[in-house]
Amino acid sequence: MQAACSVEPGTAEDVAIILQILAKNRTPFAVKGGGHTANPGFSSTPGVQIAMYRFNEVKYDPVANIAEVGAGLIWDDVYEALEPYAVSVVGARVTGVGVAGLTLGGGYSWKTNQFGLTIDNLSGFELVLPNGTVASVTQDSYPDLFFGLKGGFNNFGIVTKFNLTTHPQTEVWGGIITITEDQLDKVNAATVKFAQTVTDPKAQVLPTYSFVLGEPGVSVSLFYDDPTPPEGIFDDYLAIPYSTKDVKTRSFLDFVQLAPVNATSGQRATFNAVSLLQYTDTILAAVLNETKFWGQRLSLEGGDFIGYDVELFLPTIFSHAPQGSSAYPPSRNTGLLPLNINYAWNSSLVDEAMHDAARQSAAHLTQVALQEGQDIAGAALYSNYAIFSTPLERIYGDNVAKLKVLKAQYDPENVMGLAGGWKF
């Protein structure tokens, strides 16, 4: 979507002036942090594009263990700035992801098993309210906004800075193994075993099942948050014959930048979400089947990448913050495992077909999980993966009513409704 013009504010006061002009003229706009979202109109607009690139500073306070992070940065920048201090933050797992979108949506990380979501590691925001007021939002100053911003995106104004809790960071062990179709049963078995037996919060795997160049394969990211992993945790994966392998002790930044997610940069894309309670043999067989089925079908329609990210976390990931402390997740009683459907293509002529396929695939995988007894009928979907047509109730559950009241209180003229995104 081509904007009529772009503006690059450099201070919160700049943002305030811009918002007041847009409000007065009722001009559609969008706010772009990293620009990683795949949903059309969420960070793009035919009106005014507010590009946040100049909010690009990282300030580290070693006494408070806080990093003040600008909303125009991508996580690569943050990790690089903090690396000399041997600390890091709970942020994105792959290169190129914007700080603002991931944080305001919740934020799953390589450190989520240890420390929770990104929003569980926030102490404050600098927020420009729709009326032009610049507010420092914390649990003490604005507890209602502090709740709403943690998962509520751009409904309440434009965030210019985030205060993130830092954690000690050593070198890590990890990398990526790519595995071809003839070995995928072994990948499934290793993944189920890992999900059922590994409880070390420093250990994670992320298999991405994909259909590229006419056949399915898997790219498995292995991660341990220490220079050397305990013996045995990753042995099943390491024993599988591979196509390529790059696994070693390295910096955290180097590890994050390994994933080739920028290979589809500039293409049209969609995500969609499924929330699970566990990854089983049945679920992984279904994921592989969906990869083959939609890969073969959509490649005939111009699909360049058909992918399924299998995201394994401990069931305790929502326990790192109190119940009711954030807009997402609506309940912290049970940890949910996101599965991300990720398609990329080039022609706008097949947009509808690709979006429809992502919806059908998510519905089918949900049904498979329900049939094997997983109680996910009302499970919250992760907003940064959910496709644009997802009802608010499927993301925010019982919090929707509270968030609508909060939105009306801080944006009575619905200025932020002139921008796209999940709207209360």
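Here's the deal with the overall build of the protein
Across its full length, the protein carries twelve helices and 17 strands. Computed over its C-alpha atoms, the radius of gyration of the protein comes to 21 Å, within 12% of the 22 Å expected for a compact globule of 424 residues. Each of the three principal axes of the protein carries a C-alpha extent, and together these read 60 × 50 × 35 Å. Looking at the protein as a whole, 56% of its 424 residues are labelled buried. A sequence separation of at least 24 residues applies to 74% of the contacts in the protein between residues at least 6 apart. Only carbon and sulfur atoms are counted for the fraction: they give 50% of the accessible area of the protein, which is about 17,000 Å². Put simply, the protein has 25 plus and 42 minus side-chain charges, and the middle of one group is 5 Å from the middle of the other.

A look at empty space enclosed by the protein
A probe as big as a water molecule, rolled over the atoms, marks out the empty space that is left. Going through the model one piece at a time under the given rule, you end up with one cavity of 30 Å³ or more. The calculated volume of the largest cavity comes to roughly 40 Å³. For the largest cavity, the full set of lining residues is Arg93, Trp110, Ile176, Ser221, Phe255, Val256, Leu258 and Ala259. Of the residues assigned to the lining of the largest cavity, the class counts are six nonpolar, one polar and one charged.

Considerations on the layout of surface pockets
Taken as a whole, the second largest pocket encloses approximately 310 Å³ of empty space. Residue lining of the second largest pocket: 19 residues in total, with Ser331, Leu336, Gly378, Ala379 and Ala380 positioned closest to the centre. Of the residues in the lining of the second largest pocket, the class split is ten nonpolar, five polar and four charged.

Topic: the sheet that holds strand S4 (residues 58-61)
Read from one edge to the other, the open sheet built from five strands follows the order S4-S5-S9-S7-S8, with strand pairing classed as antiparallel. On the outer flanks of this sheet lie S4 and strand S8 (134-137), each paired with one strand and no other. For this sheet the average axis-to-axis angle between neighbouring strands, irrespective of direction, equals 15 degrees. Across four bridges, strand S7 (residues 122-128) lies against S8 in antiparallel orientation. What sits directly across from Val128, in S8, is Val134. Relative to the sheet, helix H2 (residues 75-82) contacts S4, strand S5 (66-70) and strand S9 (158-165), its axis offset from that of S4 by approximately 40 degrees.

Let's talk about the environment of Ala269
Looking at the secondary structure, you find Ala269 in strand S15 (residues 268-276). Measuring from C-alpha to C-alpha, the distance between Ala269 and Phe305 comes to 9.1 Å, with 36 residues separating the pair along the chain. For Ala269, the contacting residues outside a window of four places in its chain are Ala38, Tyr343, Ala344 and Trp345.

Things to note about the packing of helix H9 (residues 281-299) against helix H10 (residues 351-371)
Look at H9 against H10: their axes get within 10 Å of each other, and the N-to-C directions meet at 160 degrees. Between H9 and H10, the interaxial angle falls into the category roughly antiparallel. Note on packing geometry: the crossing formed by H9 with H10 is right-handed. Mapping the contact onto sequence places Thr282, Ile283, Ala286, Val287, Glu290, Trp294 and Leu298 in H9 and Ala353, Met354, Ala357, Gln360, Ser361, His364, Leu365, Val368 and Ala369 in H10. In terms of residue class, the contact of H9 with H10 is made up of eleven nonpolar, four polar and one charged.

Digging into unusual backbone geometry
Look at the link from Tyr328 to Pro329: it is a cis peptide, with omega at -5 degrees. Positioned with a positive phi, Ala86 is a non-glycine residue whose angle comes to about 60 degrees. If you trace the backbone, Ala86 turns up in the loop between H2 and strand S6 (87-88). Positive phi values are uncommon outside glycine, yet Leu213 reaches one of about 55 degrees. For Leu213, the location among the structural elements is in the loop between strand S12 (203-212) and strand S13 (215-224).

Digging into the sheet that holds strand S1 (residues 5-7)
Spatially, the three strands line up as an open sheet ordered S1-S3-S2, and their pairing is parallel. Sheet topology places S1 and strand S2 (29-32) at the edges, where each strand pairs with a single neighbour. Strand after strand, the sheet turns through a mean of 25 degrees between neighbouring axes, direction not considered. Sheet strands in contact with helix H1 (residues 12-25) are S1, S2 and strand S3 (48-51), and its direction is about 165 degrees off that of S3.

Some thoughts on the pairing of S3
Of the two faces of S3, the one carrying Val48 and Ile50 and the one carrying Gln49 and Ala51 are both buried. Here S1 pairs with S3 via three bridges, running parallel. By the bridge assignment, Val7 is partnered in S3 with Ile50. Two elements, S2 and S3, share four bridges in a ladder whose sense is parallel. Bridge assignment links Ala30 to a residue of S3, and that residue is Gln49.

Some remarks on the pattern of salt bridges
The final tally for this structure, using the stated rule, is eleven salt bridges. A salt bridge links Lys193 to Asp236; the nearest nitrogen and oxygen atoms lie 3.1 Å apart. A residue pair is termed long-range when its members are at least 10 positions apart, and Lys193 in helix H6 (residues 184-197) and Asp236 in helix H7 (residues 235-238) qualify at 43 residues. What makes Lys193 partly exposed here is its relative accessible area of 44%. Overall, the relative accessible area of 33% leaves Asp236 in the partly exposed class. The salt bridge partner of Lys202 is Asp226, with a shortest N-O separation of 3.9 Å. With Lys202 in the loop between H6 and S12 and Asp226 in the loop between S13 and H7, the pair connects residues that are 24 residues apart, well separated along the chain. The network of salt bridges with shared partners includes Asp246, Arg250 and Asp254.

The rules behind the values
Residues numbered from 1 in each chain as written. Predicted model: local features only at pLDDT ≥ 70, side-chain atom pairs only at ≥ 80, totals over all residues. Heavy atoms only, no water. Helix = DSSP H or I, 4+ residues; strand = E, 2+ residues; numbered from the N terminus. Rg over C-alpha atoms; globule rule 2.2 N^0.38 Å. Buried < 20%, exposed > 50% of the residue type's maximum accessible area, 1.4 Å probe, protein only. Contact = heavy atoms within 4.5 Å. Areas by Shrake-Rupley, 256 points an atom, 1.4 Å probe, with all protein chains shown as cover. Lys, Arg positive; Asp, Glu negative; His and termini not counted. Charge placed at Lys NZ, Arg CZ, Asp CG, Glu CD. 1 Å grid on protein atoms, 1.4 Å probe; cavity = no way out; pocket = protein on both sides within 12 Å on 5 of 7 lines; lining within 4 Å. Points joined across faces, edges and corners; volume = space filled by probe spheres on them. Nonpolar A, V, L, I, M, F, W, Y, C, P; charged D, E, K, R; others polar. Pairing = 2+ DSSP bridges. Axes fitted to C-alpha atoms, helices over the stretch in contact; angles between N-to-C directions. Parallel < 35°, antiparallel > 145°, perpendicular 65-115°, else oblique. Left-handed = near helix turned anticlockwise from the far one by under 90°. Salt bridge = Lys/Arg side-chain N within 4 Å of Asp/Glu carboxyl O.

Honestly, that's just the spatial picture; any functional story needs more than this.
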